Amino acid sequence: MPELPEVETVVRGLRATLPGRRILAVRLGKTDFIDDPAALGERLPGRRIGAVERIGKFIRVELAPETGAAHPTQSHAHEADGRLHLLVHLGMTGRLAVRSPDEPVVPHTHGFFELDDGQELRYTDIRRFGRILLVSASALPEFESRLGEDALFVSAREFRQQLSGRRARIKALLLDQKSLRGMGNIYSDESLWRARIHPVRLASRLTAEEIARLHQAIRQVLRAAIKLGGSSISDFLDAEGKPGSYQMRHRVYGREGQKCFRCGALIRRIIVAGRSSHFCPHCQPRPRRGQRAPRSGRSRAKSTKTRGAKPPSARK
DNA sequence: CGTTGAACCTGTTTGC
DNA sequence: TGCAAACAGGTTCAAC
């Protein structure tokens, strides 16, 4: 459910109430989606919430170590392991919202973070595809380095470089967080429709003009979606429990069989990169030939054949 | 490198 | 009506 616009919407909502609050206690229900459940209860209580930001589709809640501690009690060796970051990924059905303890707990709520103003931050996730982890300030850069540039801020040049030489389908690349962070299924389809590019096109075969068009389409679509609070297909709600309305502006997503707003042709749906992909067969023409891998020998094939020298392949 | 399919989990919609 | 299949905003991993 949540892609960049929805996560941005949630972050903006949380930013209105969380900064400055102190976490008093943590209670958890099911924990199979939490990297280290025990660490939450051990390290969060007492910490003060700082900035609330978005890292691709992750929500980052900065946690400062307890400050005015009059008595060191029994602090461990690591004198103040400095700042910590609580990272929350909403997966498909995750929700994060500040509620009053009096409000009824909706089903599938597995995380409760008691705050010092009497309220509590609750994490609800029906499918539990979400993820919660704690990262130290020193480990944050490493974490971020595994993601590409943010889809909302990537420059035309960086976008072009990211696609150059990639022989994968453009749709697969847009969904790949290591290539570009923040895009999901809805906004990938919407952006490709705007740019008039078929989802199955190979990135390496897009023209410079098409790449520029796609870059523009992505930022326009994302900005418009953020302005409307994201898309609410069936269950996305912001931090205050209100739905977004960008679904009213969808041009192709969820519109299979309906008329294209640009040319009237019927929108089609196919599977690309394992995901439903919606497009207009007229505005977004299929790539000419040369796509299917050559259907050659089905024989044993001498797999042990290695190619020439492999470059150092600097990782990280 | 890239692709496909399965898996993770629960709920809702669709089809026969 | 009833039950099974398909599908859902995401990510990851094995196998090819």
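To keep things clear, this report deals only with the structure shown in the data block. (Residues numbered from 1 in each chain as written. Chains lettered and ligands numbered in written order. Predicted model: local features only at pLDDT ≥ 70, side-chain atom pairs only at ≥ 80, totals over all residues. Heavy atoms only, no water.)

A word on the side chain of Glu-190
Formally: Under the DSSP-based scheme used, a helix requires at least four consecutive residues in state H or I and a strand at least two consecutive residues in state E, with every element numbered from the N terminus. Summary of the burial criterion: residues with accessible area below 20% of their type's maximum are buried, those above 50% are exposed, and those between are partly exposed, where the area comes from a 1.4 Å probe applied to protein chains only. Residues counted as positive are Lys and Arg, residues counted as negative are Asp and Glu, and His and the chain ends are not counted. Throughout this description, the term salt bridge denotes a Lys or Arg side-chain nitrogen within 4 Å of a carboxyl oxygen of Asp or Glu. In the analysis that follows, any N or O atom pair within 3.5 Å is treated as a polar contact, provided that within protein one partner can donate a hydrogen and the other can accept it, and provided that, for residues neighboring in sequence, both atoms belong to side chains. It only takes one pair of heavy atoms within 4.5 Å for two residues to be counted as in contact.
Considering the arrangement of structural elements, one finds Glu-190 in helix H6 (residues 185-195). Among buried Asp, Glu, Lys and Arg side chains, Glu-190 stands out as unpaired, with Arg-251 the closest opposite charge at 6.0 Å. A polar contact is formed between the side chain of Glu-190 and the backbone nitrogen of Val-252, at a distance of 3.0 Å. In this structure Glu-190 touches Val-221, Arg-249, His-250, Arg-251, Val-252 and Tyr-253, once residues within four positions along its chain are discounted.

Focus: the protein's contact with DNA strand B
Where we set the bar: For this description, a residue counts as near a given molecule or strand if any of its non-hydrogen atoms is within 4 Å of it. Any residue outside Ala, Val, Leu, Ile, Met, Phe, Trp, Tyr, Cys, Pro, Asp, Glu, Lys and Arg is labelled polar, Gly included; the first ten of those are nonpolar and the last four are charged.
Lining the immediate surroundings of DNA strand B are Lys-30, His-108, Ile-126, Arg-127, Arg-128, Phe-129, Arg-166, Arg-167, Ala-168 and Arg-169. Sugar plus phosphate: this is where 69% of the atoms of DNA strand B within 4 Å of the protein reside. Interatomic distance of 3.4 Å between a side-chain N/O atom of Lys-30 and a phosphate oxygen of DNA strand B. At a separation of 2.8 Å, a phosphate oxygen of DNA strand B approaches a polar side-chain atom of His-108. Residues belonging to the surface near DNA strand B are distributed by class as follows: 3 nonpolar, 1 polar and 6 charged.

Some details on the sheet that holds strand E2 (residues 48-55)
Filter applied, for reference: Pairing between two strands requires that DSSP report at least two bridges joining them. Axis lines are fitted to C-alpha atoms, over the contacting stretch for helices. Their N-to-C directions set the angle, which ranges from 0 to 180 degrees.
Reading across from one edge, E2-E3-E4-E8 is the order of the 4 strands in this open sheet, with antiparallel pairing throughout. Looking along the sheet, the strands with just one partner apiece sit at the ends: E2 and strand E8 (131-136). On average, each strand axis in the sheet is tilted by 20° relative to the strand beside it, whichever way the strands run. As paired strands, strand E3 (residues 58-64) and strand E4 (residues 84-89) are joined by 6 bridges and run antiparallel to one another. Opposite Val-61, over in E4, you have Leu-86 as the bridge partner. Here helix H1 (residues 4-15) sits on the sheet and contacts E2 and E3; the angle it forms with E2, its principal contact strand, is near 160°.

Describing the packing of aromatic side chains
Operational definition: For Phe, Tyr and Trp, where Trp contributes only its six-membered ring, two rings pair if their centres lie within 6.5 Å, and the inter-plane angle classes them as stacked under 30 degrees, edge-to-face over 60, or tilted in between. By definition here, charges over rings are those cases where NZ of Lys or CZ of Arg is within 6 Å of the ring centre and within 35 degrees of the ring normal.
The tally for this structure, following the rule as stated, stands at 3 aromatic pairs. With a centroid separation of 5.8 Å and an interplanar angle of 35°, the aromatic rings of Tyr-187 and Tyr-246 are classed as tilted. Placement of Tyr-187 in helix H6 and of Tyr-246 in the loop between helix H7 (208-227) and strand E11 (268-272) is noted, with a sequence separation of 59 residues between them. By the burial criterion, Tyr-187 is buried, and Tyr-246 matches it. Over the ring of Phe-112 we find Arg-27; its NZ or CZ atom is 4.5 Å from the centre of that ring. A cation sits over an aromatic face here: Arg-251 above Phe-261, 4.3 Å from the ring centre.

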